[in-house]
Amino acid sequence: MHSLKTLILEYFKDTLYEVEIEMVSSRDQKFTIVTDNLRGIAGITVVTVLAPALPMPGDSEKERALLKIKFFQLDPSLGKHLKRMSVEALKIDGVEKFTPRLHTAKKVISRIYR
């Protein structure tokens, strides 16, 4: 039984996912530094900016950007992993809001990680 559990855990740790994220950040922090710090969250491997950071209407101190993040699922379920990832992202200086678009979450086939 222990070997079956090990195999399942290895499968999840080798499965790459991607999801779109809507992020609101403070303009006090450089955007590049914020995205670099996102890569420090456990499981995240790639952060791609899909739409550039634009000032939020009515609040010139904040900016909104659309990101695509590729990551390895480290938690038992995808939902739990995304929630943990959001909580960790909000701890980064400059990140005001970090909202995964759940309908965009999907497995990715990558030659590099196989």
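Computed from a predicted structure; not experimentally measured. Residue positions are given per chain, counted from 1 along the sequence in the order it is written. Whole-chain, interface and lining totals are the exception, using all residues; otherwise, since this is a predicted model, local features are given only for residues with pLDDT of at least 70 and side-chain atom pairs are given and counted only at 80 or more. Values shown for side chains rest on all heavy atoms present in the structure; no hydrogens or waters enter the calculation.

**Student:** Whenever I open this one, the overall build of the chain confuses me. Can you help?
**Tutor:** Within the chain one finds three helices and four strands. A run of H or I in DSSP counts as a helix once it spans at least four residues, and a run of E counts as a strand once it spans at least two, with each numbered from the N terminus. If you list the helices and strands of the chain from N to C, you get α-β-α-β-β-α-β. Note on areas: these come from Shrake-Rupley sampling with a 1.4 Å probe, and a residue is covered only by the protein chains present in the view. Roughly 7,200 Å² of accessible area belongs to the chain as shown, and the carbon and sulfur atoms make up 56% of that amount.

**Student:** Could you clarify how one ought to interpret helix α2 (residues 31-38) in this entry?
**Tutor:** An α-helix turns once every 3.6 residues. As a result, residues three or four positions apart point the same way. By the burial criterion, the buried members of α2 are Phe 31, Val 34, Thr 35 and Leu 38. When α2 is viewed along its axis, its buried side chains cluster within an angular range of 95 degrees and face the same direction. Contacts are assigned to residue pairs with any non-hydrogen atoms lying within 4.5 Å of each other. Considering only its buried residues, α2 is in contact with β1 (16-26), β2 (44-56), β3 (59-72), α3 (78-90) and β4 (95-108). Three exposure classes are used, based on accessible area relative to the maximum for each residue type with a 1.4 Å probe and protein chains only: buried under 20%, partly exposed in between, and exposed over 50%. Picture the helix axis, draw a direction to every C-beta atom, and the arc is the one those directions span.

**Student:** Help me understand the pairing of β3, please; the structure alone is not making it clear to me.
**Tutor:** In the case of a regular strand, side chains alternate between the two sheet surfaces. Pairing between strands requires that DSSP locate at least two bridges from one strand to the other. Across eleven bridges, β1 lies against β3 in antiparallel orientation. Paired with Met 23 across the bridge in β3 is Ala 65. Note: β2 against β3, nine bridges, orientation antiparallel. Residue pairing in the sheet places Val 46 in a bridge with Lys 70 of β3.

Any link to function would need more than the numbers given here.
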